[in-house]
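Single-letter residue listing:
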Amino acid sequence: MKQLVIIILFILSASTVSSLHAQAAFDKEGHRGGRGLMPENTISSMKKAVELGVTLEMDISFTKEKLPIVSHDQYINPAFTLKANGDSLTRQEASALRLYNLSYTEIKSFDVGSKFYKQFPHQQKIKEHIPLLSVLIDSVEAYAWAKHLPAPHYNIETKTSPDGDDIKHPAPQEFVDRLMAVLSAKGILKRVIIQSFDPRTLEIVHRQYPTVATAWLVSNQKDLKTNLSALTFKPTIYSPDYKMLNKQMVDDCHLLGIKVIPWTVNDPKDIQAVKALDVDGMISDYPDRL
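Let us look at the structure shown here. These figures come from a predicted structure and were not determined experimentally.

Notes on the pairing of strand S7 (residues 237–240)
Side-chain alternation along S7 places Ile237 and Ser239 on one buried face and Tyr238 and Pro240 on a second face that is also buried. Both strand S6 (residues 213–218) and S7 contribute to a ladder of four bridges, which runs parallel. When the bridges of S7 are listed, Val218 appears paired with Pro240. Two strands pair when backbone bridges link them, and S7 and strand S8 (residues 259–260) are joined in this way by two bridges, in the parallel orientation. In the sheet register, Ile237 faces S8, and the bridge partner there is Lys259.

Digging into the packing of aromatic side chains
Within a pair of aromatic rings, the relevant descriptors are the distance that separates the centres and the angle that separates the planes. The full count for this structure, using the stated rule, is five aromatic pairs. Ring geometry for Tyr117 and Phe120: centres 5.5 Å apart, planes at 65°, overall edge-to-face. The same class applies to Tyr117 and to Phe120, which are both buried. Aromatic side chains Phe197 and Trp263 sit 5.8 Å apart centroid to centroid with 85° between the ring planes, which places their arrangement in the edge-to-face category. Separated by 66 residues along the polypeptide, Phe197 in the loop between strand S5 (192–196) and helix H7 (199–208) and Trp263 in the loop between S8 and helix H10 (268–275) bring together distant segments of the chain. Given the relative accessible area of 39%, Phe197 is considered partly exposed. Across from the ring centre of Phe26, 5.5 Å away, lies the NZ or CZ of Lys275, which sits over that ring. Sitting over the face of the ring of Tyr286, Arg289 holds its NZ or CZ atom 3.7 Å from the ring centroid.

Notes on the side chain of Glu157
Relative to the elements of secondary structure, Glu157 occurs in strand S4 (residues 154–158). For Glu157, the side chain forms a polar contact with the side chain of Lys159, separated by 3.2 Å. Beyond its immediate sequence surroundings of up to four residues, Glu157 is in contact with Glu57, Met58, Asp59, Ile60, Gln195, Ser196, Phe197 and Leu217.

Focus on the packing of helix H6 (residues 172–185) against H7
Packed helices, taken two at a time, are described by the angle their axes make and the gap between the axes. In contact at an axis separation of 9 Å, H6 and H7 are set at 50° when each is read in the N-to-C sense. Looking at the two axes, H6 sits oblique to H7. In this structure, the crossing between H6 and H7 has a hand that is right-handed. In contact with Pro172, Gln173, Val176 and Asp177 of H6, H7 contributes Arg200, Thr201, Ile204, Val205, Arg207 and Gln208. Here the contact of H6 with H7 is built from residues that sort into four nonpolar, three polar and three charged.

Conventions adopted
Residues numbered from 1 in each chain as written. Predicted model: local features only at pLDDT ≥ 70, side-chain atom pairs only at ≥ 80, totals over all residues. Heavy atoms only, no water. Buried < 20%, exposed > 50% of the residue type's maximum accessible area, 1.4 Å probe, protein only. Helix = DSSP H or I, 4+ residues; strand = E, 2+ residues; numbered from the N terminus. Pairing = 2+ DSSP bridges. Phe/Tyr/Trp six-rings, centres within 6.5 Å; stacked < 30°, edge-to-face > 60°. Lys NZ or Arg CZ within 6 Å of the ring centre and 35° of its normal. Polar contact = N/O pair within 3.5 Å; in protein donor to acceptor, adjacent residues only side chain to side chain. Contact = heavy atoms within 4.5 Å. Axes fitted to C-alpha atoms, helices over the stretch in contact; angles between N-to-C directions. Parallel < 35°, antiparallel > 145°, perpendicular 65-115°, else oblique. Left-handed = near helix turned anticlockwise from the far one by under 90°. Nonpolar A, V, L, I, M, F, W, Y, C, P; charged D, E, K, R; others polar.

Below is the structure:
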């Protein structure tokens, strides 16, 4: 009888471990740090993502000095940005403020966290600025260590397009070289995914850093085979707009050994529906809902 009890306890224990592993394997990601909760792509949003235990999803742009900064937009965005004196920006003023033409000192003077952002009305307001990638990494790594939290994982998007080369950002090779130099120096490559809508940067990353995870971002009406054929290699992750998803797509990716992490899923009903398709993770403006 005693032996039977021990066997049952062992089975239950193994089942619990397996369940915990499955939960941990689901990659919950805070879009732009979780912009439904905190100002997007800021140190504050990334610290919140660390607290929630989710992957830090972010975007990379560049300054005039060719320093990688964390920003989705390649211009100052008037929707959530204030001048140094607290005044709002007109769209015309903002359109002239291309980040790649501005020094970091100029960029840092803008407040991207205090202005009410109607798209995310419950976002906590706090004075913030567009951070250097290097400073953001140092800040969140130190924060995680001080709070005795797991080391952060990063999903970093290369914001490149052929029409933006050497105008809105460095050309792909230089973009990747400068980005990866920072990530290598910080010693976090094992905890990084490089994602992009631009196959050019993914090809370079795969060729030069074959052990770094890659995610192919897509938003179109093409089928899976056509989208994957745009790359010369098999990405670690297929990352479609969640509205493109169906069970067959997920199953086909899994047969190819490719994970599926859709974006950007915010509504609780959509979150549950997408989870039911057996995806491997999810990107959301509200990572607390995941």
